[in-house]
Structure formats: C-alpha cells, structure tokens
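Structural overview for review
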Amino acid sequence: MQTEQRNSLRLLQWMMAASLALPIALFAFASAVSWVSIRDTADREIERTLDVAHEHALKVFETIDRSLSEINEIIRGIPDADIKSREEALHSRLKRLADSLPQMKSAWIFDAQGRALVNSLVLPAPDIDFSDRNYFKAHVERDIGIFIGEALKPRPPYQGAAFFGVSRRRQTDDGSFAGVIQASVLPEYFENFYARIGHDAGSFFALGLTDGTVLARFPVLDRDFRLDPNGAVGQKLAADPKAGLVTVTSPADGIERRLGYQRLAAYPVYISAGLETSAIRSRWLATMSQHLIFGLPATALLFFILALALRRTRRLHAEAARRMEAEEALKHGQRLEALGQLTGGVAHDFNNLLTVIRASVDMLRRPHLPEERRLRYVDAISDTVSRSAKLTAQLLAFARRQTLKPEVFDVGKSVQTLTEMIGTLTGSPIEIVTRVPDQPCFINADAGQFETALINMAVNARDAMGGAGRLTITVRAVAELPGPAVLPENPLGYIAVSVDDTGVGIPQEQIGRIFEPFFTTKEIGQGTGLGLSQVFGFAKQSGGEVMVASEVGKGSTFTLYLPRVSGQGRPQQAPAEDAAPVDGHGMSVLVVEDNIEVGTFAKDALTELGYATTLVHSAMEALAELTRNAERFDVVFTDVVMPGMTGIDLAQEIRRRHFDLPVVLTSGYSHVLSQNGSFGFELLQKPYSIEQLARVLHNVGRWRRVKRGAAE
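In what follows, the accompanying structure is described. (Residues numbered from 1 in each chain as written. Predicted model: local features only at pLDDT ≥ 70, side-chain atom pairs only at ≥ 80, totals over all residues. Heavy atoms only, no water.)

1. Comments concerning the sheet that holds strand β22 (residues 682-685)
- Strand order across the open sheet formed by 5 strands is β19-β18-β20-β21-β22, with parallel pairing between neighbours. Of all the strands in the sheet, just β19 (612-616) and β22 have a single pairing partner and so form its edges. Sheet twist, expressed as the average angle between the axes of neighbouring strands with direction ignored, equals 20°.
- Sheet topology places strand β20 (residues 635-639) next to strand β21 (residues 663-667); 4 bridges connect them, and they run parallel. Counterpart to Val636 in the pairing with β21 is Val663.
- Relative to the sheet, helix α13 (residues 596-608) contacts β18 (588-592) and β19, its axis offset from that of β19 by approximately 170°.
- Helix-sheet contacts for helix α14 (residues 619-629) involve β18, β19 and β20, and the interaxial angle to β18 is about 155°. (Pairing = 2+ DSSP bridges. Helix = DSSP H or I, 4+ residues; strand = E, 2+ residues; numbered from the N terminus. Axes fitted to C-alpha atoms, helices over the stretch in contact; angles between N-to-C directions. Contact = heavy atoms within 4.5 Å.)

Structure, rendered in structure tokens:
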C-alpha cells in the first residue's frame, strides 16, 4: 500500500511538471517561430522599401546626369568668351532646367580657373573663385566621369539650404581641362521623400557616398556625419559591397537598427533603408500578447486534460514495459538458440575435419611408413584443408563478408556450361531441362560464387526429389522484383534464375528457416545445411534477392534475382588451377605478416623456391624497409588484417610513394574487402597453397623485373 501511495504521489508530481512544462515549451517554441517570422517579414519590408528608395535615387541621379550631358552638348566647342557673351540666354536655359527639377537647387558652368561663367541663380554671375570646391578639384587632373561630393553650405553672396554637388568635366577638343559643369542637389529633397514613405514606426533611410559620407538621412540629424570604414557597417560593406542586410547600432544616435543597403548602379552612392529593432520587437510582443490571451485559458484546460491523460498513459506504459521485457527475453533466447545452433554446427564440422587432419598427422609420424600411404595421408590433409576453406567461405557468404570478384558474364551461357556438371551431380534418373533465352542476359557478379549457388540449389533439389524426377533451370529477364520492394529499383531490371524440382516440397512452417546456416531436414551426415545459406549470402551481397515458392507434395521453386547490366564490361578469365610451383630465382619479396607462424611459413616456403625473402611483422616496419631501399624488392606480399595500419592502408601508401611496386594482399576475412573490394590490388585468399602463392607473386612481379632490366 505504501508503495502504491508513493507511486501515486510521484505520478502526480510528473503530471504537474508536465502540464506546466508543455505550455511553457509550446509558448517558447511559438515565440521563437513568431520572432523568426516577424523578423523575416521585417526584412522583406525593408527590402521592398529599399527597392523603392533605390529606384527613386537612381531616377534622380540619372535625370541630373542627363541634364549635365545636355548642358555639355549645348556648350561643346564654344570658347569661354562666347559662353560669357551668351550668358543671358544660357542663364535662362539653366534656370528653366533647375526650376523643372525639384531636386536641383542650381546649375553652373565654370571655366578652368574655377570662375562661374553662367549659373541659374543670378545674372550676371559674380566673379568668385570656386576652385577650392570638391566638385571642381575632382576633375582637374583627369576625367573621372560623374562626381558626387559631400554636402556643402552656399558661399556668400549665395544663400539657402545646404547642397551637394554633382559635376562632370569640360574638355577641349584635344582632351585638356576646360572647366566643370555642376548641379547643386538638395539633400532635403531626399529627406522629404523618405519622410513620406517612412510611415512605419522606427523607419530609417539614408543616402551616402562609398567613402562613408552621409548626404541625406531620415530621421534628420542636426550635424554632418561620416561612417567609420572599420565599424560594423563599414566591414559589412567591404565584405558585401553590392547589397546586404545587417543589424547594427548606429554611432550617430546610438539606436540599434536592422538595415538593408544597396549600391546605386554606376554611381558611388549607397541607399539604405531599415527599421529600429525596438519597433520589430514591439511587433513581436504585440503578437505574443495575443497568444497569451488565448493561451492562458487553454493552458488551464490542458492542465486537467494532461492530468487524466498522463495517469492513463502511465498505466499503459507500465503494461507495455512488461510486454517489451517479455518480448526481449524471448528474442534473447532465440538469439542464443540460433548462436548455439551456428556454433554447434561449425564445431561439429570443424571437429570432423580436424579429426582427419590429426589422424593423418599421427600416421605420418609413424616410422617406416610406406611411400604410398604417406602420400595418401598428405593428400588427405590437403583435401581437408580445402574443405575447411570451403566451409569458411560458405559461412562468410551467408554473413555477406565474402570478398567477391565481380565480372560481367552471360548467365545463359554459364547455365548451359554447368548443365553437364549438374547432370553428373544429380544422376541419370533425374531429367534436367534448361530454358535459356536467345538474347544474352548479362550480370556483374562473382562467377565462381554464382556457379556455387546454382550447384547448391541443384543439389538441394536433387535431395528433395530422392534421386528421381525433373529438374528445370530457367533463365529470364524481369523488370522488377516480385512482392514488396526491399531493394532500390535497377533501371535495367533483373535476371531471374529459377531452379524448379518435383520433390516433396517444404512445409510452410519451415520456409522461414531454410536459409539459416546448419538448418537442415536431412538425416545426420546427409548435409551441412550451408548450401542455401551460401545462396542467400551471395544474393544479398550481389545486390539481389533469393525467393522460394513451395507446396508439400508438389515440389519447390528457388529463384535467384541478380541486377542486370548492359554487358559492356570486359569479362575476366577464370583463375588457373594449381600447377607446379614457379621458380622464384632472381625475385625479391617483402613479406608483411603479423602472425609469426604464418609469416615464417611463407618466408621458408618462398625461400625453398628460390625467392629472396624479407619478413617483417607490421606495416610500419615494411615502410621503413622500403624507405631504406625500395628498388631491391620486386613485389610486396602483405596480410590485410593487422594491428595499427592495415594491409590496405599499407598498399595505398606504397602506391602513393612507389607507384611501380606491385602489392599482393592476402586475407581470410576482411569487412573492408567485402564492402569495397580489393581497391585494385591482387588478392590471394587464405588458406593458400605454396603453388598459388608462388604463381601470383611471379605474375605480378614479372613486369617490374622486365622494366628494371630494360632500364639497365
């Protein structure tokens, strides 16, 4: 009872915490989403407003630019004296131009000494020197095109609002400096425009030069201001000189704003628009206040709903936990049973094989053993080792860890070639029927593993038929796999190889286990239970599938699906059978093997065949040997699985440093090799015979010896 009470209190505490935490979390999430949304909306508003301000400024400066060009065309080629003589007419022309443009305060024509020849304000123009003005000095040395200067105050006797000059150079026919044409532009024109479009609270606009000089601003400052090029805005302009968005605290008034800026095309002017971040926060707070108005009552209701839901959920979770524990215990027991079956099968078969080897070794130790019996025991040991390697290969194939050597070949031709061998295995009472299409059916797979899989399916069918019946092997092309798609679709489809028998069939309750290793319904000694496991592993590792359809008393159909290819690959030749050892006199081999016994065996065996052999026990020792003198070796023979640097890493490093030195890899098992292949290096599977080792080393090392001889 006390335990139940404690659980009830704990449950109540969790309900209270959850009922508060969830609304808070939801409100925090909604706040974050709302903030992002409002900020994005503000950014879009800033960009739209900036587009308006940019378009306005561009039209203003283009209009002024055209006006200056028009004035320049009017006075082109006219000497200063003639311009002065036409001052009254030109004054009227300039005055009409200035009066037609609200942004223009006045228009001027200056001579080369900075004296006003004509202006739009007064007639005649007073004799005042303007050569110190920035809009004049900028053009003296060279033609810089349009110049836009900083804001200036009128020089007496002229009066009125401040202005900034937009000017261009006057040139003679020979290109020398003849004076300046200038328009005085009113910053207040831009400020009034910004005040009209900046109706949102916290709106900001600015017109400035690329050197940081501010020409016009809204809200208006009562003083001149220039941006620091090393400040936040200056650094942003340097990083993104064309356009951008930035959040910055203004050094002019200390207000933080979200600003967008854009360079005015063809002019050294930036237009910026923005909003105060306090105004953006105010929008966000107003939105969240509306959420709270509806959220608080909903939270109160959620408190009671969660109290009931959590109580019920707690009970359901407890029941589910008990069920999961029972299921996990069952799965654990099944895994242990499967592991026990697997290890028991491996132990049984390997003990049988080891028994043959041990008995043969014991007999070989007996004195005065006839030569015939000695050879028979040696052959028994060799055959048993081959059977052990086959058993290991079948286990690796089921686990999809076998190192495959894929090649492009025609399945139809391969099946036709194997038909005679299958007939020998099944016996004459079994009729064999093959159905192969006329067109080639190419796949990219390990040809040896494919033949083994087909033979395993045929032998399994033979045993199911009890030695008599019909075995049908059919090859056909299919567009997709039957049933639910468990593999990515192959654009060329699949090649299906079906083995159909007229045997006893498979009970439905056993179909789910037939591909398990060492699972067999045959009598003891009639089979290992690894044949179909090899078929399953080969299909999966080759990117295919194997399926079975069976009915008791009506036979079974095993279908192997493998991805189809175009057939443009170059087929490889099957490896040659073991032959006599190749004499190794004149060849030098660097053997890299961390297992002392295996390394010593390889070294002694190669030495007996005449190879000059150097044995090291790690990849680092091998690199040290090669660093001292790589030219003395014709080939490197290295194990794959080694502590530290693997044989694959060593081979790739040798390829990088000594690209012309061949490398032969050896391994009984490597996860990397099963997944990625041999990376272009020659591979010798363990266990290997001395004949196989000598032949592989001779083949890969021969071209290096030829090259070395040619160089000498």
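2. As for the sheet that holds strand β8 (residues 243-249)
- Strand order in the open sheet made by the 5 strands is β7-β6-β10-β9-β8, with antiparallel pairing throughout. At either margin of the open sheet sits one strand with a lone partner, and together these are β7 (214-218) and β8. Averaged over all adjacent pairs, the angle separating strand axes in this sheet is 20°, with direction ignored.
- Across 7 bridges, the pairing between strand β6 (residues 203-209) and strand β10 (residues 269-276) is antiparallel. Bridge assignment links Gly208 to a residue of β10, and that residue is Tyr270.
- Where helix α5 (residues 187-197) meets the sheet, it contacts β6, β7 and β10, and its direction lies at approximately 30° from that of β7.
- Along the sheet, helix α6 (residues 232-239) contacts β8, β9 (256-263) and β10; its crossing angle with β8, the most-contacted strand, is approximately 165°.

3. What about the packing of aromatic side chains?
- By the definition in use, this model includes 19 aromatic pairs.
- Ring geometry for Phe110 and Tyr135: centres 5.9 Å apart, planes at 35°, overall tilted. Within this pair, whereas Phe110 is found in strand β1 (residues 104-110), its partner Tyr135 is found in helix α4 (residues 134-137), the two being separated by 25 residues in sequence.
- What makes Tyr135 buried here is its relative accessible area of 2%. (Phe/Tyr/Trp six-rings, centres within 6.5 Å; stacked < 30°, edge-to-face > 60°. Buried < 20%, exposed > 50% of the residue type's maximum accessible area, 1.4 Å probe, protein only.)

4. A word on the side chain of Asp410
- Note on placement: Asp410 falls in strand β11 (residues 406-410).
- No salt bridge is formed by the buried Asp410. Its closest oppositely charged neighbour is Lys413, at 5.0 Å. (Lys, Arg positive; Asp, Glu negative; His and termini not counted. Salt bridge = Lys/Arg side-chain N within 4 Å of Asp/Glu carboxyl O.)

5. What to know about empty space enclosed by the protein
- For the structure shown, the criterion picks out 2 cavities of 30 Å³ or more.
- Estimates place the volume of the largest cavity at around 380 Å³.
- As for the largest cavity, its lining consists of 25 residues, of which Ala206, Leu227, Val233, Leu259 and Ser272 are closest to the centre.
- Looking at the lining of the largest cavity, the elements that each hand over two or more residues are β6, β7, α6, β8, β9 and β10. (1 Å grid on protein atoms, 1.4 Å probe; cavity = no way out; pocket = protein on both sides within 12 Å on 5 of 7 lines; lining within 4 Å. Points joined across faces, edges and corners; volume = space filled by probe spheres on them.)

6. Digging into the pattern of salt bridges
- According to the stated counting rule, one finds 24 salt bridges in the structure shown.
- Across the salt bridge formed by Glu70 and Arg93, the nearest N and O atoms sit 3.4 Å from each other. Of the two residues, Glu70 is situated in helix α1 (residues 2-75) and Arg93 in helix α3 (residues 87-100); the sequence distance between them amounts to 23 residues.
- In the salt-bridge network here, residues are joined through shared partners; they are Glu45, Asp200 and Arg283.

7. A closer look at unusual backbone geometry
- Of note, the amide linkage connecting Leu123 to Pro124 takes the cis form, showing an omega dihedral of -5°.
- If you trace the backbone, Pro124 turns up in the loop between β2 (116-119) and α4.
- A cis amide bond links Pro156 to the next residue, Pro157, at an omega of 10°.
- Positionally, Pro157 belongs in the loop between β3 (147-152) and β4 (163-171).
- Within the chain, Ala266 stands out as a residue other than glycine whose phi angle is a positive 70°.
- Its place among the elements puts Ala266 in the loop between β9 and β10.

8. Description of the packing of α14 against helix α15 (residues 647-657)
- The N-to-C vectors of α14 and α15 enclose an angle of 20°; their axes lie 10 Å apart at closest approach. In terms of orientation, α14 lies roughly parallel with respect to α15. Both α14 and α15 take part in a crossing whose hand is right-handed. From α14, Ala619, Ala622, Leu623, Leu626 and Thr627 reach across to α15, where they touch Leu650, Glu653, Ile654 and Arg657. (Parallel < 35°, antiparallel > 145°, perpendicular 65-115°, else oblique. Left-handed = near helix turned anticlockwise from the far one by under 90°.)

Coordinates in, geometry out; function isn't part of it.
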